[in-house]
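The chain contents come next:
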Amino acid sequence: MELDSLYQQVILDHYKNPQHKKLVNEYSAQVHHVNPSCGDEITLNLKLVGEKVESISWDGVGCSISQASTSIMTELVLGKDIKSAFAILAEFTELMQSKGLKSGDEDLLEDAVALAGVSKFPARIKCALLGWMAFKDAVLQSQDKLGE
Amino acid sequence: MELDSLYQQVILDHYKNPQHKKLVNEYSAQVHHVNPSCGDEITLNLKLVGEKVESISWDGVGCSISQASTSIMTELVLGKDIKSAFAILAEFTELMQSKGLKSGDEDLLEDAVALAGVSKFPARIKCALLGWMAFKDAVLQSQDKLGE
Amino acid sequence: MSSKFTPAQIRNDFPIFAKVMRGNSRLTYLDSGATSQKPRQVLDAERNFYENHNAAVHRGAHLLAEEASEAYEGARQKVAQFIGADVDEVIFTKSATESLNAIAYSLGNSDPKSKYALKPGDRIVVSEMEHHANLIPWQQLAKRTGAELVWFEVDADGRLDLSSAADLINVRTKIVALTHQSNVLGTINPIADLAEMAHKVGALFVLDACQSVPHFPVNVSQLGVDFLAFSGHKAIGPTGIGVLWGKSEHLEAMEPFLFGGSMIETVTMTQATWAPAPRKFEAGVPNMAQAVGLGAAIDYLQNIGMDSIANHDSELTGYALEKFSRLSGVTVIGPKDNKDRGAVISFTIDGIHPHDVGQVLDQYGIAVRTGHHCAWPLMRKFGIAGTTRASFYLYNDFADVDGLIASIEDTKKYFKV
Amino acid sequence: MSSKFTPAQIRNDFPIFAKVMRGNSRLTYLDSGATSQKPRQVLDAERNFYENHNAAVHRGAHLLAEEASEAYEGARQKVAQFIGADVDEVIFTKSATESLNAIAYSLGNSDPKSKYALKPGDRIVVSEMEHHANLIPWQQLAKRTGAELVWFEVDADGRLDLSSAADLINVRTKIVALTHQSNVLGTINPIADLAEMAHKVGALFVLDACQSVPHFPVNVSQLGVDFLAFSGHKAIGPTGIGVLWGKSEHLEAMEPFLFGGSMIETVTMTQATWAPAPRKFEAGVPNMAQAVGLGAAIDYLQNIGMDSIANHDSELTGYALEKFSRLSGVTVIGPKDNKDRGAVISFTIDGIHPHDVGQVLDQYGIAVRTGHHCAWPLMRKFGIAGTTRASFYLYNDFADVDGLIASIEDTKKYFKV
Ligand SMILES: Cc1ncc(COP(=O)(O)O)c(C=O)c1O
Ligand SMILES: Cc1ncc(COP(=O)(O)O)c(C=O)c1O
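Everything numeric here is computed off the predicted structure, so don't read it as measured data.

**As for the overall build of chain A**
Moving on, step 1. A tally of helices and strands in chain A yields six helices and three strands.
Moving on, step 2. Helices and strands appear in chain A in the N-to-C order α-α-β-β-β-α-α-α-α.
Moving on, step 3. Here the C-alpha radius of gyration of chain A, 14 Å, is about what a compact globule of 148 residues would show, namely 15 Å.
Moving on, step 4. Over its C-alpha atoms, taken along the principal directions, chain A stretches across nearly 50 × 30 × 25 Å.
Moving on, step 5. Here chain A holds 148 residues, and the buried ones make up 52% of them.
Moving on, step 6. Of the roughly 6500 Å² of accessible surface on chain A, 49% is carried by carbon and sulfur atoms.
Moving on, step 7. The centroid of the 14 positive side-chain charges in chain A is displaced by 3 Å from the centroid of its 21 negative side-chain charges.

See the structure below:
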């Protein structure tokens, strides 16, 4: 069934057991993002130390895609330096916009390749990107603060 | 030619020689009407004495239909009592809305039956009615004043 | 089904039902609350306008302009007759959203001395079940004028809490703006009573009739409201056309909203005066083809009969409510009894996000809407992020409800809840 | 005719040219300045949207909603590319009139501390040749804010009197709102220069591009303007669709105009925050089919090439101006030379009212417009009640001009002048 390309087992697993979904109080930036068309919301706390993602945690409500995607993202970027994290983000964004034509670089994306099917469902791309956009925003805000 | 049903000779005559088209300064009401869609304007001075149209005069710019119709109207109502004038007005309005199906009561309308063709040209009905509506308005305003 | 018409035959008039959907399924369209599908008759009317009569209305001296004006004004006549109004009280807008904003802006443009002007201390009353389109314009008007925005609460069953009515609608109240039927809950509000209360304190009553006019007979004078707004696209009409109806005494006295061509009486470089309504409120070359399409939509609906449509809606809703009551783990958000209730069923499934529900249903060709339905405050009131909403119309039948129910069961299985 | 396309072939795409007009004549459509005719391709695109993809955009979780969103956003992309803009800078409205009012209202909604707010002493600059749609909204904004409305005069040849430019556009000037091409005179204004002057004093430049975008290449960044408005219906697109383009830095900072669904970020009972542009400025279910139709219109125009259309327009206008110059008792209102001049010829005939001219031409199947053309102050400036206006587009050819000229001679005979 076409649906299975969207709801891969790993997505359902992350949905049932989201990683880092408990806000850690120490952070260099806290961001709150919403998806106005469906009302999904996410709060994300990020702690950067130098160029490194020292800690990342989140809370929010959303569909399986947004929850799983955020969970997978946190696992991917935790402990990475910003440059590598942004490379993953770029690869993931490209995958989402591929309209089902790409499968994603598994070395970079790891579990996130399971989200490849989302790219065939335009209405869901925003769900998959919600957490990632929050992460990007949090990095920029942290860097702004540190730059001050 | 269909056009000739619109531009009867009597209309063209009134257009070239409009009657009472020179404002008389003594009046019980002065009204100014415009046709916003084409910019045509008319000023009409009316003097009622009792129930009688003692004097009527006008000035303005407009197409042959509006000018001729106003000219014919002034000839028709001058010297009449309001009731008869309004009966003519009612007959004329009905004629205009008849979509070419009526020819008008010649006893009441006299020269104004020449405007029957206008009813087949919806965009021109307003032209034909401009002066008549100004007359009606002027009567009501005069009566209001007299009533005060 | 005891309807006087057969949905399967109706569907033959609507070309979109020939479409093959995801999973090779046929289309089960349960999203008419968002927008309705269009019959061939409406599309033909629009096309006929463009192919035979297209010109700028009220302006040209030529045959096409005459015909275009006749078609456009004919559509106005149809709308007026449809809602029991005078023809000069019907204003064409692009949507109900524009209609509602137009009222708020027009009132906001009032001379401070006018009785339509709002000032600090005045009140605007709305409700917790309003669509954003009948909430935010009033928030903004309140902000601009210093008036206070107050609201009816919604009870657990999804009905207006009327116990506060006398409190809310008092001498300070200038405007009461309410929806006829909630687009989320299906609740139909007791408008005539509330309009009477509003009038007793000298307030204006604004009715958001987006979900009512397409579905059951609505008569402005029977309801006793002052303004009414609806959208053509929810009433099997084209997109890009809405209606604003207002009582002529108000339209005459109120300031215009949009300024430009065709709404003027005279214009100089420094000032302008206005044409009488409805022209005063229709600046620019209007959405002529869409008005004509809406006229054809009204013809189509009236041909079937609004009473028949209302009966049909009610039968489907009753049937569906009964089926929903037997689903475990599924909660209907809104009245469970079928009285004063429209053909909209919002629900949640324990453990599955509405977006995921919608996605699975889509795989069966079932089109529903998910999310907050532009009624975010109502979602907060119910403590939920969103719902899945099925809404019915004249092309739906019992089989569509059965398909929905079966697919909800499948969704639960798919997500193992 | 040296055009790269053949008007007679173009007419085959436009069903209305099959129509039999008054006097059993064929249609000579010379009223494209008011509204243009529509090719089959545009009507097909609209119909295809309704028959295969109709749903509320940005909202549903189903296939139709996805496809509708793709079609609608695809149209936005086409508009953006057509005028050299970023896609997020393109806002769909119902008409140019709405677009221009939207700018005026949005600026008027600014927080008093914002740089977009107007205050007493500030200046808004327009011109005597503006269409009411680009005049009255500014009169009203001036009235609401206490700003002063000043204007460029028009000289006897129908050109802007630029000698006052430095006077008009000074440090107090906040907005300069001008038409790209006069809909009465045909005059094309030197926008890039004037926009530069506006920017030097920190003013915003608003361009009414109603008569330019359909007729010649228009590129917002080359012109250097801040806002641009045009209507689809004058560009072989559907009625009920307009475009408002604004520089993203402005759209980001400005307040919305219409409030409702789809334009929000979050909403509570007491306040709301806004989505980013273009959503912020598109409240409600949009005119989706019309946007898609406009997209198809742009495809059609670009397929021919805007340069080719501009050349064609210019050739026809030059030819017509030459013919008009040889008519006795006929006066062209507007530039007589064909430089910086569009395909619009307004004229008066001594002793015959424009309405009567139009009526006689109608008898030959020639559709022109008569009256003040929503530019009443300009009429006063020229001391006339109105003009007869012939306007050309891609489906017109030399034979149409010849027919017009011959019929003007006949009109003179008919009225014995
Ligand atoms: C120069 C100009 N500006 C504005 C408008 C208004 O356009 P619309 O009526 O399509 O809103 C027009 C056309 O009527 C025009 O020619
Ligand atoms: C109750 C209600 N009010 C207002 C609206 C707004 O209508 P539109 O988006 O057509 O302007 C809708 C539909 O979305 C609605 O359901």
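**What to know about the interface of chain A and chain D**
Moving on, step 1. Taken together, the eight residues of chain A in the interface contact eight residues of chain D.
Moving on, step 2. Surface buried jointly by chain A and chain D totals about 610 Å² across both partners, of which 58% is contributed by carbon and sulfur atoms.
Moving on, step 3. Inspection of the region where chain A meets chain D yields zero salt bridges.
Moving on, step 4. Taken together, the connections running from chain A to chain D amount to zero residue pairs in polar contact (both at pLDDT 80 or more).
Moving on, step 5. It is helix H6 (residues 122-147) of chain A that contributes the most residues to the side of chain A that touches chain D, three residues altogether.
Moving on, step 6. Here the side of chain A that touches chain D is built from residues that sort into five nonpolar, one polar and two charged.

**Section: a positive patch on the surface**
Moving on, step 1. A cluster of basic residues, Lys143 and Arg144 of chain C together with Lys143 and Arg144 of chain D, forms a positive patch on the protein surface.
Moving on, step 2. Those elements that place two or more of their residues in the positive patch are helix H5 (136-145) of chain C together with helix H5 (136-145) of chain D.
Moving on, step 3. Looking at the secondary structure, you find Arg144 of chain D in helix H5.
Moving on, step 4. Take Arg144 of chain D: its relative accessible area is 38%, and that puts it in the partly exposed class.

**Description of the packing of aromatic side chains**
Moving on, step 1. Enumeration over the complete set of coordinates arrives at 38 aromatic pairs over all chains.
Moving on, step 2. For the pair Tyr105 of chain C and Tyr105 of chain D, a centre-to-centre distance of 4.5 Å together with 50 degrees between the ring planes defines the contact as tilted. Linking Tyr105 of chain C in helix H4 (residues 96-108) with Tyr105 of chain D in helix H4 (residues 96-108), this pair reaches from one chain into another.
Moving on, step 3. We classify Tyr105 of chain C as buried; its relative accessible area is 3%.
Moving on, step 4. On the basis of an interplanar angle of 20 degrees and a centroid distance of 5.5 Å, the ring pair of Tyr105 of chain D and Phe257 of chain D is categorised as stacked. With a gap of 152 residues between them, Tyr105 of chain D in helix H4 and Phe257 of chain D in the loop between helix H9 (248-253) and strand E9 (264-267) connect regions that are remote in the sequence.
Moving on, step 5. With a relative accessible area of 3%, Phe257 of chain D lands in the buried category.
Moving on, step 6. Members of the aromatic cluster, each reached through a chain of ring pairs, are Phe14, Phe17, Tyr29, Tyr300, Tyr393 and Tyr395 of chain C.

**Some remarks on the pairing of strand E3 (residues 52-61) of chain A**
All names here are of chain A.
Moving on, step 1. Judged from the nine bridges that link them, strand E2 (residues 40-49) and E3 form a sheet pairing that is antiparallel. If you follow Leu46 over to E3, its bridge partner there is Ile56.
Moving on, step 2. With antiparallel pairing between neighbouring strands as the criterion, E2 and E3 make up a hairpin whose turn holds two residues, including Gly50 at a positive phi of roughly 60 degrees.

**Points about the relation of the copies chain C and chain D**
Moving on, step 1. Once turned by 180 degrees and shifted 0.0 Å along the axis, chain C lies on chain D with an RMSD of 0.0 Å. Such a turn and shift between the copies fits a two-fold axis.
Moving on, step 2. The share of interface residues of chain C whose copies in chain D are also at the interface is 100%, consistent with both copies meeting through the same surface.

**Re the domain arrangement of chain C**
All names here are of chain C.
Moving on, step 1. By domain assignment, chain C separates into domain 1 (7-30 + 305-414) and domain 2 (44-302).
Moving on, step 2. Each side of the interface is counted separately: domain 1 has 35 residues, and domain 2 has 33 residues.
Moving on, step 3. Between domain 1 and domain 2, roughly 2700 Å² of surface is buried when both sides are summed, and carbon and sulfur atoms account for 57% of that area.
Moving on, step 4. The interface formed by domain 1 and domain 2 includes three salt bridges.
Moving on, step 5. For Glu128, the salt bridge goes to Lys381, with nearest N and O atoms at 3.1 Å.
Moving on, step 6. Scanning the region where domain 1 abuts domain 2 turns up 18 residue pairs in polar contact (both at pLDDT 80 or more).
Moving on, step 7. Residue assignment for the side of domain 1 that touches domain 2 shows that the elements contributing at least two residues are helix H1 (7-13), helix H11 (306-325), strand E12 (344-349) and helix H13 (376-382).
Moving on, step 8. Considering every element that reaches the side of domain 1 that touches domain 2, the biggest residue donor is H13, with six residues.

**A word on the site of ligand 1**
Moving on, step 1. As a structural note, the neighbourhood of ligand 1 is formed by 16 residues, with Thr97, Asp208, Ser231, His233 and Lys234 of chain D the closest of them.
Moving on, step 2. Chains contributing residues to the immediate surroundings of ligand 1 are chains C and D.
Moving on, step 3. Here Ala96 of chain D contributes a backbone N or O atom positioned 3.5 Å from an oxygen atom of ligand 1.
Moving on, step 4. Take Gln211 of chain D: an N or O atom from its side chain is 2.7 Å from an oxygen atom of ligand 1.

**Quick word on the interface of chain C and chain D**
Moving on, step 1. With 96 residues of chain C at the contact, the number on the chain D side is 96 residues.
Moving on, step 2. Taking both partners together, chain C and chain D bury about 7700 Å²; carbon and sulfur atoms supply 60% of that area.
Moving on, step 3. Looking at the side of chain C facing chain D, the largest losses of area belong to Tyr50, Phe259 and Met269 of chain C, adding up to 11% of the total buried there.
Moving on, step 4. One can count 36 residue pairs in polar contact (both at pLDDT 80 or more) joining chain C with chain D.
Moving on, step 5. Here the element with the most residues in the side of chain C that touches chain D is helix H2 (residues 40-52) of chain C; it accounts for eight residues.
Moving on, step 6. A per-class count over the side of chain C that touches chain D returns 42 nonpolar, 34 polar and 20 charged.

**Quick word on the environment of Gly146 of chain D**
All names here are of chain D.
Moving on, step 1. Structurally, the position occupied by Gly146 is in the loop between H5 and strand E4 (148-152).
Moving on, step 2. Along the backbone, Gly146 and Phe382 are 236 residues apart, and their C-alpha atoms lie at a distance of 30 Å.
Moving on, step 3. Excluding anything up to four places from it in sequence, Gly146 contacts Lys119, Pro120 and Gly121.

**Things to note about the environment of Ala289 of chain D**
Moving on, step 1. Assignment of secondary structure puts Ala289 of chain D in helix H10 (residues 288-304).
Moving on, step 2. Overall, Ala289 of chain D belongs to the buried group, its relative accessible area being 0%.
Moving on, step 3. It is 28 Å that separates the C-alpha atoms of Ala289 of chain D and Arg369 of chain D, two residues lying 80 residues apart in sequence.
Moving on, step 4. Residues within four places of Ala289 of chain D in sequence aside, it is in contact with Thr239 of chain C together with Glu46, Phe49 and Tyr50 of chain D.

**With respect to H10 of chain D**
Moving on, step 1. Over its 17 residues, H10 of chain D runs 25 Å from end to end, which matches the ideal 24 Å to within 8%, given 1.5 Å per residue.
Moving on, step 2. Positive phi appears at Gly305 of chain D, one or two residues downstream of H10 of chain D, with a value of about 105 degrees.

Conventions we followed
Residues numbered from 1 in each chain as written. Chains lettered and ligands numbered in written order. Predicted model: local features only at pLDDT ≥ 70, side-chain atom pairs only at ≥ 80, totals over all residues. Heavy atoms only, no water. Helix = DSSP H or I, 4+ residues; strand = E, 2+ residues; numbered from the N terminus. Rg over C-alpha atoms; globule rule 2.2 N^0.38 Å. Buried < 20%, exposed > 50% of the residue type's maximum accessible area, 1.4 Å probe, protein only. Areas by Shrake-Rupley, 256 points an atom, 1.4 Å probe, with all protein chains shown as cover. Lys, Arg positive; Asp, Glu negative; His and termini not counted. Charge placed at Lys NZ, Arg CZ, Asp CG, Glu CD. Contact = heavy atoms within 4.5 Å. Buried area = accessible area lost by both parts, 1.4 Å probe. Salt bridge = Lys/Arg side-chain N within 4 Å of Asp/Glu carboxyl O. Polar contact = N/O pair within 3.5 Å; in protein donor to acceptor, adjacent residues only side chain to side chain. Nonpolar A, V, L, I, M, F, W, Y, C, P; charged D, E, K, R; others polar. Patch = residues over 30% accessible without salt bridge, like charges linked within 9 Å, V, L, I, M, F, W, Y side chains within 5 Å. Phe/Tyr/Trp six-rings, centres within 6.5 Å; stacked < 30°, edge-to-face > 60°. Pairing = 2+ DSSP bridges. Least-squares fit on C-alpha atoms with pLDDT ≥ 70 in both. Domains from an automatic or database assignment. Near = heavy atom within 4 Å. Expected span 1.5 Å × (residues − 1).

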